[in-house]
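# Analysis of the macromolecular model
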Amino acid sequence: MKLTDLTTRAGEWLRGIGPMSEIVISSRVRLARNVSGYHFLSKCTRHQRTTIEHKIRDAILGASISPKTLYVDLQDAPEVDRQLLVERHLISKPHAQSEGARGVAISESESVSIMVNEEDHLRLQVLRSGSQLEEAWEEINEIDNKLESTLDFAFHPRFGYLTACPTNVGTGIRVSVMLHLPALKLTGEIEKVFRAAKDMRLAVRGLYGEGTEALGDFYQVSNQTTLGKSEEEIISDFKGVVIPKIIEYEHHARRTLLNDRTAALDDKVFRALGILRCARLMASEETLYLLSHLRLGVNMGRVKDIDIRTVNELFLMTQPAHLQKLIGKKIDGDVRRAARAEFIRHRLNAA
Amino acid sequence: MERPGSAWLNFMNRKCDNCKSQATVHLTEIKAGKKVEKHLCQQCAEQQEGIPAGTAHTPINELLTNFVLAHSQGAKELTTNAVCEHCGMAWPDFKQGGLLGCEHDYALFEKDLTPLLQRAHDGATHHLGKVPVRRGGSGVPMKRQADLARLRKELQKAIEGEDYERAAKLRDQIKTAES
Ligand SMILES: [Zn+2]
Ligand SMILES: [Zn+2]
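It should be emphasised that the depicted structure is a prediction, and the values quoted were computed from it without experimental measurement. (Residues numbered from 1 in each chain as written. Chains lettered and ligands numbered in written order. Predicted model: local features only at pLDDT ≥ 70, side-chain atom pairs only at ≥ 80, totals over all residues. Heavy atoms only, no water.)

## Some remarks on the overall build of chain A
- Across its full length, chain A carries twelve helices and ten strands.
- Counting only C-alpha atoms and orienting by the principal axes, one finds that chain A spans roughly 65 × 45 × 35 Å.
- Each of the 351 residues in chain A was classed as buried or not, and the buried ones make up 58%.
- Restricting the contact set of chain A to residue pairs at least 6 apart, pairs at least 24 apart contribute 71%.
- Working note: accessible area of chain A is about 13800 Å², and carbon and sulfur atoms make up 49% of it.
- Measuring between centres, the 49 positive side-chain charges of chain A sit 3 Å from its 47 negative side-chain charges. (Helix = DSSP H or I, 4+ residues; strand = E, 2+ residues; numbered from the N terminus. Buried < 20%, exposed > 50% of the residue type's maximum accessible area, 1.4 Å probe, protein only. Contact = heavy atoms within 4.5 Å. Areas by Shrake-Rupley, 256 points an atom, 1.4 Å probe, with all protein chains shown as cover. Lys, Arg positive; Asp, Glu negative; His and termini not counted. Charge placed at Lys NZ, Arg CZ, Asp CG, Glu CD.)

Set out below in structure tokens:
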């Protein structure tokens, strides 16, 4: 498998067919691990960093975590490739931008990725479409066990798995769900989500954009505490309490829009569709804004001739590195905006 | 992937609400049903809250956790001046960068880390999750793990309630269960 294979299709998690996928785009579980006997990365020399990377890469490729595993050496990878991996949620922004020996292992379906030498020696991630946290946990636990048979992870009976930052210590687990909440935004009730999350000691942030601003109405909700609770407990809190509550808020907002503000709802949806089908220059922020309304319209059955998978793919493929890969050369400014508009027109008018 | 790092650093490098020097006293008060957080330097804390120097920055449950730890693991010296013999990490370096240098730092700085961990992890002080097979993960049946978890929670409660006698008993029970 090569990196270029990734550009032409959407990852497994974006198929948009998982449970409750009209609101829960994806479920992610991440584990932070460090190898015993080596310093954490902030205290590593260049040489030690390289030694750790090689050791872990060999362990991952030897553990057969998936039928076909791609390992990308990020130290030598071009910027556009690193950016592409960020856009596909396979590596973090800091991992793309940092320096020194580091890499990422990716399973063929892209549901598994393992960052090597990010903030910790290993950051394992399983990403699945829709609400599938338990399944994601089971899969990542199995991979963790496989790696543990060759790697001795730093562990302390009281503190659990030892991480560079004490905010991750214990289970080292970060559970998150990506939610699409356009109706709550339109009805001005998004604060409800922030309050509910705060009560549960969860963090909420916009997926695109900075801070609490959420372009495209995508929000990521994740746990903050990793110590003093078991992995299963953390996941069942999400599955049993947090997700159903937020889904109920969004469903309620959608019903309100449909019953009391039908014309306003349809205007938002079809205005978005009209612009997306006709515009000649599209900036990325406007694209996210319009695609969000279109996605709402498709999921609520207001737009009938467009498949939800097409909309999900557009969110992914209209990002800068993806466009650049599709076109095969570096583009920016109006050239990029024109290419984005053309790509969207083709996809939506062919439907 | 989100980084809790910046919020974490903010907390650690928090300025005094009053005079903007480094805050070392962190208080949570309930006023008219609302939670109010206060961050003060030692001097302002003494003036405003009448908290005597030397004890203010050490919450009571930390003192007691240390009391229990000292009894179960042998007394530890004050670590603030310690430097890790493996990676060279010192406590002021950690406060600067927010990241530890190696696996040994947790035990070395245990005393200083405890209140920070409690703050970051909703009061928790002990791991309750997965244990690697190499570290005896498979050797501990689930039932016993659950018992241990329950005992540790009770121990935490006893400590918070200043019930030393019960805490000592629970500590012995945990020791027996762990061995
Ligand atoms: Zn002050
Ligand atoms: Zn160290």
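The rest of the description comes next.
## Structural notes on the domain arrangement of chain A
Residue and element names in this part refer to chain A.
- Its domain assignment divides chain A into domain 1 (3–253) and domain 2 (262–350).
- Summed over both sides, the interface between domain 1 and domain 2 buries roughly 2200 Å², with carbon and sulfur atoms accounting for 67% of that surface.
- At the surface where domain 1 touches domain 2, the tally comes to one salt bridge.
- Here domain 1 is connected to domain 2 by eleven residue pairs in polar contact (both at pLDDT 80 or more).
- At the level of elements, helix H2 (79–87), helix H5 (182–186) and strand E10 (215–223) are the ones that each hand at least two residues to the side of domain 1 that touches domain 2.
- The element contributing the most residues to the side of domain 1 that touches domain 2 is H2, with five residues.
- Here the side of domain 1 that touches domain 2 is built from residues that sort into eleven nonpolar, eight polar and eight charged. (Domains from an automatic or database assignment. Buried area = accessible area lost by both parts, 1.4 Å probe. Salt bridge = Lys/Arg side-chain N within 4 Å of Asp/Glu carboxyl O. Polar contact = N/O pair within 3.5 Å; in protein donor to acceptor, adjacent residues only side chain to side chain. Nonpolar A, V, L, I, M, F, W, Y, C, P; charged D, E, K, R; others polar.)

## Notes on the side chain of A:His293
- Relative to the assigned elements, A:His293 resides in helix H9 (residues 284–299).
- Apart from residues no more than four positions distant in its own chain, A:His293 is found in contact with A:Leu186, A:Lys268, A:Val269 and A:Ala272.

## Some words on the coordination of the zinc ion (ligand 2)
All names here are of chain B.
- The zinc ion (ligand 2) binds to the protein through Cys-84 (SG), Cys-87 (SG), Cys-102 (SG) and Asp-105 (OD), with metal-donor distances spanning 2.0 to 2.3 Å.
- One way to put it: the four donor atoms around the zinc ion (ligand 2) meet at angles of 99 to 115 degrees, and that makes the site tetrahedral.
- The sequence pattern describing where the donors of the zinc ion (ligand 2) fall on their chain is C-x2-C-x14-C-x2-D. With Cys-84 in the loop between helix H3 (60–73) and helix H4 (91–97) and Asp-105 in helix H5 (residues 105–108), this pair connects stretches of sequence that are 21 residues apart. (Donors = N, O, S within 2.8 Å, 3.2 Å for Na, K, Ca; no water. Tetrahedral: all angles 85-135°; square planar, octahedral: opposite > 155°, others 65-115°.)

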